[in-house]
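The lines below spell out each chain.
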Amino acid sequence: MRGRPDGAQKKRLVPMLCVLGVLAVFLFCYFGSGSQHGVSAMEYGKTLRKLGSSYLGGDDDGELSKQDGSKYALDDGDNSTTPKSFPVCDDRHSELIPCLDRNLHYQLRLKLDLSLMEHYERHCPPAERRFNCLIPPPHGYKVPIKWPKSRDQVWKVNIPHTHLAHEKSDQNWMVDKGERIEFPGGGTHFHYGADKYIASLANMLNFTNNKLNNEGRIRTVLDVGCGVASFGGYLLSSDIITMSLAPNDVHQNQIQFALERGIPAYLGVLGTKRLPYPSRSFELAHCSRCRIDWLQRDGILLLELDRLLRPGGYFAYSSPEAYAQDEDDLRIWKQMSDLVGRMCWKIAAKKNQTVIWVKPLTNDCYLEREPGTLPPLCRSDDDPDALWNVRMEACITPYSEQNQRARGSGLVPWPARLTAPPPRLTDFGYSNNMFEKDTEIWQRRVENYWNLLGRKVRSDTLRNLMDMKANLGSFGAALKGKDVWVMNVVPEDGPNTLKIVFDRGLIGAVHDWCQSFSSYPRTYDLLHAWMVFSDIEKKGCSGEDLLLEMDRLLRPTGFIIIRDKKSVVDFVKKYISALHWESVALVDSEDSESEEEEEKVFIIQKKLWLPGEGNFKDSI
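Quick notes on the rules
- Residues numbered from 1 in each chain as written.
- Predicted model: local features only at pLDDT ≥ 70, side-chain atom pairs only at ≥ 80, totals over all residues.
- Heavy atoms only, no water.
- Pairing = 2+ DSSP bridges.
- Helix = DSSP H or I, 4+ residues; strand = E, 2+ residues; numbered from the N terminus.
- Axes fitted to C-alpha atoms, helices over the stretch in contact; angles between N-to-C directions.
- Core = buried A, V, L, I, M, F, W, Y, C linked by side-chain atoms within 4.5 Å.
- Buried < 20%, exposed > 50% of the residue type's maximum accessible area, 1.4 Å probe, protein only.
- Contact = heavy atoms within 4.5 Å.
- Phe/Tyr/Trp six-rings, centres within 6.5 Å; stacked < 30°, edge-to-face > 60°.
- Lys NZ or Arg CZ within 6 Å of the ring centre and 35° of its normal.
- Salt bridge = Lys/Arg side-chain N within 4 Å of Asp/Glu carboxyl O.

Asks: Which residues make up the sheet that holds strand β3 (residues 180–182), and what values go with them?
Replies: Taken in spatial order, the 3 strands line up as β1-β3-β2 in an open sheet, and their pairing is antiparallel. At either end of the open sheet lies a strand with only one pairing partner, and these are β1 (153–155) and β2 (175–177). Taken over all neighbouring pairs, the strand axes of this sheet differ in orientation by 25 degrees on average, direction set aside. Pairing of β2 with β3 involves 3 bridges; the strand directions are antiparallel. Looking across to β3, one finds that D176 is bridged to I181.

Asks: Got a sec to walk through the nonpolar core? Specific residues and values, please.
Replies: Judged by nonpolar contacts, the single largest core of 108 residues is most densely connected at Y277, W294, F315 and V572. Per-element tally for this core: the top contributor is helix α8 (residues 296–308), with 6 residues. For Y277, the residues in contact, after removing those within four places along its chain, are L222, M243, L245, Y266, F282, R307, L308, L387, L498, F502, G508 and A509.

Asks: Describe the packing of aromatic side chains, naming the residues involved and giving the relevant values.
Replies: Taken as a whole, this structure holds 25 aromatic pairs when the rule is applied. When the centroid spacing of 5.6 Å and the interplanar angle of 80 degrees are considered together, the rings of Y266 and F517 count as edge-to-face. One end of the pair, Y266, is in strand β6 (residues 265–267); the other, F517, is in the loop between β13 (507–511) and β14 (524–530), with 251 residues separating them in the sequence. Residue classification places Y266 among the buried positions, given a relative accessible area of 4%. Considering the side-chain rings of F428 and Y430, the 5.7 Å spacing of their centres and the 25 degrees angle between planes classify their relative orientation as stacked. Of the residues examined, Y430 reaches a relative accessible area of 24% and is grouped as partly exposed. Among the aromatic residues, those joined into a cluster by ring pairs are Y266, Y277, F282, F502, W513 and F517. The ring of Y234 has R151 lying over it, and the distance from NZ or CZ to the ring centre is 3.8 Å. Its end group placed over the ring of W414, R219 keeps NZ or CZ at 3.6 Å from the ring centre.

Asks: An account of unusual backbone geometry is requested, with residue identities and associated values reported.
Replies: A cis amide bond links L374 to the next residue, P375, at an omega of -5 degrees. Structurally, P375 can be placed in the loop between α10 (364–368) and α11 (401–406). In this chain, W414 is followed by P415 through a cis amide linkage whose omega measures 10 degrees. When you line up the elements, P415 lands in the loop between α11 and α12 (432–453). Unlike most non-glycine residues, R291 shows phi in positive territory, near 60 degrees. Among the structural elements, R291 can be located in the loop between β7 (282–288) and α8. For R291, a relative accessible area of 59% puts it in the exposed group. We note that M531 has phi near 60 degrees; this positive angle belongs to a residue other than glycine.

Asks: Just give me the short version of the environment of M243, but keep the residues and values in it.
Replies: Checked against the element boundaries, M243 lands in strand β5 (residues 241–246). For M243, a relative accessible area of 0% corresponds to the buried category. If we skip the residues at most four places from it in the chain, M243 touches V221, L222, D223, A265, Y266, Y277, F282, M487, I507 and G508.

Asks: Can you break down the pattern of salt bridges residue by residue, with the values?
Replies: Considering all chains together, one arrives at 30 salt bridges under this definition. The partner of D503 in a salt bridge is R424, and the shortest N-O contact between them spans 2.9 Å. Remark: R424 occurs in the loop between α11 and α12 and D503 occurs in helix α14 (residues 498–503); sequence separation between them is 79 residues. The residue E582 makes a salt bridge to K456 at a minimum N-O spacing of 3.7 Å. Placement of the pair is E582 in strand β16 (residues 581–588) and K456 in the loop between α12 and β11 (464–467), with a sequence separation of 126 residues. What makes E582 partly exposed here is its relative accessible area of 26%. Beyond isolated ion pairs, a larger network of salt bridges with shared partners links E283, R310, R417, R424 and D503.

None of this, on its own, says anything about what the molecule does.
Next comes the structure, spelled out in structure tokens:
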């Protein structure tokens, strides 16, 4: 360069600046368009660094540590680690369920046994393939119709799928009515209405006034292959709460419809893994033309139902095999009758197209079987309440000594069982006094929550609620007087208190919050997160991933209640604008149980926004 005239330097500088300018425009178009027009969730996972604790820039721990060692304790003066916005996923991902995404199965070339329904089980994306963008609602999305009207109608624009209305038009599952989809209450086996079918089941069992709740003795029900969950929806008026279960199979969106209607439901399948519910959780299991081969693999699927049923629990089975006379149906009926006989089930009632079996009250029948009878009793070291990612076994789960002595579950009828200390408390070393104190604490806390929500919440504002760390279920119990239901989630790595939740007459599931939940986007009105962020921090999981997952689950205009340490609240506050949330209230906990730091209560509302709009609609 020495001796070269200044003019020559300028001539070389101009083309260099032009090249840099073109490169800058290219980068802006490539990355900037993602937040403007949406990016593919899968592509985004590849091209953008994961917004997790180790990917915020710099060292893994450098900028994220303070004296308390919490990665949530970000320096107040440092905003460089906080994204100004999250990009919006491509429109085609508006119904993305990350751990139940069959497109991911193909991309990762997973070798799954279709005959065993493994492709309907959970297979979560690896860290580098997780979505890191906001799931958009469908174009024209509306705030859902309020319960109880929602039981019978939903906005079609929210779930723009009408194939079930046409495919099941002769069975009255659902009817396309222009702007709305209506649900007449029919099903594959009960074309003339779930209410009449339910009354017929109660009549078969000689229950008082044809009420299936049997004066509070039947409270929790499992409906497998539930369709759009009209059976569970119509049971609610009888004080029966049903876990409606179905996979995302050829009858796509059936669980999405159920939750949009405000009916408890969960995406799951009887495949190779245990369902995420403890043993002895349900008084009744139900299958109405559920298309399940109960005879496969030595009856392993029927034995999973057996694990879940309480002593004296019922299995209502409505299917051609129960009444048809052709050769194939007769053969299946004979084999199934032989199987349930060896399982010690007996016919409680059989009429027309339905048979109802009843499970024994004690172990006596199991012990009286001939040596070598199949299916065998499960091994003594087989924990029937081990649920997360545990393979099913073709064996009979015997009762505990407590059940044997009580000749049943020992539970009082509903609604008294909600507040009566259940017998299984002793499994955790909890006393009745501890149980009652926990119930009282959460009663006060829930009352305080509603006071903080104030005018934001009317009697019909909320319907589908989730307690992300339910413990003994006292949060849900405190809501009995409100027209809501609660999905009580118990972390997979803590005490399996979910059996206490079910014993109280509530429902829920075991889950790992380092992964996404088995539900469609926009299916819950309120999420309650008590120390959930602090818990996943100890496991080394990403708080940002959890925020995105909570946003995915939450309906627009829905609420989040975070009860956690101050450092967690400060962390979340940095992201609420990026997530298009707004603060409703922030107060000190009235009775903190944290030994390290006083808990804060932070209430947030999600704004309603639509893809492609420059501005976000105000919350309603």
